[in-house]
Amino acid sequence: MARLTTTTTTPWRALVLAAAALYFLVPLAASVVFTVDVPGRAPNLDAYTRILDTEGFLPSLLLSLELAAATIAVVLLLMVPATVALRLTAPKLRPVVEVVCSLPLVVPPIAFVAGIGTVLKWGPEHFSDTPFFQTFVAIQNPDFPVVLVLAYAVMALPFVYRALDAGLSAIDVRTLVEAARSCGASMPHALLRAVLPNLRGALLNASFLTLALVLGEFTTAQLLGFRPFAVWIVNISGSQAQMSVAVSVMSLLVTWLLLLLLAGIGSRRTPSSTTDRK
């Protein structure tokens with residue numbers, strides 16, 4: 001019976017995988033053809049070779065990478081202690097934290113940006129004569145808009161929480177911490193040396209999801225008046241359509257490569273850990 005079931009389901013798995021491959025690869029192939037097909041000329045790679053020389057490409061990309069690095073740091077510093085504490089001391093609060101972290105998936109981006117814009121208007125309207133006014137100005141600095149980091153950190157909460165929760169479910173956090181404490185380690189030292197190394201895969205997954213979100217997010221940055229990578233791509237699409245599609249294809253391929261790299265790093269076992277287990 002088991003062999004019959006496996007034999008029966010294998011064609012369906014192949015069919016589903018083939019349909020999924022067509023769903024993703026056909027639009028990608030069409031985008032690549034659009035970037036290399038020039039009417040009246042032979043296919044060429046001019047749209048790709050001119051990317052680095054296009055005005056605004058490097059500044060917008062560097063800004064998005066800086067925002068991504070800052071967002072990853074903020075959201076991990078916030079969520080790693082919180083999720084570990086839920087496992088150790090406050091398991092009853094887990095449903096509450098899960099609901100709170102899921103709210104960004106429910107709130108429409110337009111409403112979210114409208115709320116941020118309303119708060120930012122408080123600076124000139126209510127705090128112009130106080131030291132807080134300079135804070136409102138500083139977090140909106142176009143060179144590095146901290147307000148986008150805060151917004152992206154909120155938007156990344158659902159993905160980071162799920163990744164960390166899955167990683168913590170695969171290990172016995174309480175036993176690891178108690179073993180480290182029994183050896184004389186303090187609580188922070190136990191978390192750094194006993195828990196975090198076992199969360200390497202979860203941390204990498206959370207970081208990658210946050211990076212992908214920041215690189216592809218458009219609505220918040222556009223409505224707040226900033227110009228990171230995604231906004232730059234949309235802005236040049238009107239005058240340089242092939243260029244914008246070429247950049248999108250390149251960014252998608254780079255994202256896939258990063259995903260494969262992080263998956264390989266997360267699944268790889270160091271020789272020292274293997275020796276210790278033996």
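Going by the structure above, here's the rest.
First, a word on scope: everything that follows refers to the structure included in this document.

Details of a nonpolar patch on the surface
And then number 1: On the surface, a cluster of nonpolar side chains totalling about 870 Å² of accessible area is made up of Leu93, Val96, Val99, Val100, Leu103, Leu105, Val106, Val107, Phe159 and Leu209.
And then number 2: Broken down by element, the residue count for the nonpolar patch peaks at six residues, all from helix H4 (residues 94-106).
And then number 3: You can see Val107 is positioned in the loop between H4 and helix H5 (109-126).
And then number 4: Here Val107 falls in the partly exposed class, since its relative accessible area comes to 38%.

Some details on the packing of helix H8 (residues 173-182) against helix H9 (residues 187-195)
Any two packed helices are characterised by how steeply their axes cross, that is the angle between the axes, and by the distance between the axes.
And then number 1: The interhelical angle for the contact between H8 and H9, taken along N-to-C directions, is 120 degrees, at an axis separation of 9 Å. By the angle between their axes, H8 is oblique relative to H9. Crossing of H8 over H9 shows right-handed handedness. Where H8 approaches H9, its residues Val173, Leu176, Val177, Ala180 and Arg181 are matched on the opposing element by Met187, Ala190, Leu191, Ala194 and Val195.

Some words on the nonpolar core
And then number 1: Ranked by internal contacts, the top residues of the largest apolar core, which has 44 residues, are Leu76, Met79, Tyr152, Val160 and Val173.
And then number 2: Elements with a contribution of two residues or more to this core: helix H3 (57-88), H5, helix H7 (146-169), H8, helix H10 (200-216) and helix H11 (219-224).
And then number 3: Not counting residues up to four positions away in its chain, the partners in contact with Val160 are Val75, Leu76, Met79, Ala206 and Thr210.

About the criteria used
Residues numbered from 1 in each chain as written. Predicted model: local features only at pLDDT ≥ 70, side-chain atom pairs only at ≥ 80, totals over all residues. Heavy atoms only, no water. Patch = residues over 30% accessible without salt bridge, like charges linked within 9 Å, V, L, I, M, F, W, Y side chains within 5 Å. Areas by Shrake-Rupley, 256 points an atom, 1.4 Å probe, with all protein chains shown as cover. Salt bridge = Lys/Arg side-chain N within 4 Å of Asp/Glu carboxyl O. Helix = DSSP H or I, 4+ residues; strand = E, 2+ residues; numbered from the N terminus. Buried < 20%, exposed > 50% of the residue type's maximum accessible area, 1.4 Å probe, protein only. Axes fitted to C-alpha atoms, helices over the stretch in contact; angles between N-to-C directions. Parallel < 35°, antiparallel > 145°, perpendicular 65-115°, else oblique. Left-handed = near helix turned anticlockwise from the far one by under 90°. Contact = heavy atoms within 4.5 Å. Core = buried A, V, L, I, M, F, W, Y, C linked by side-chain atoms within 4.5 Å.

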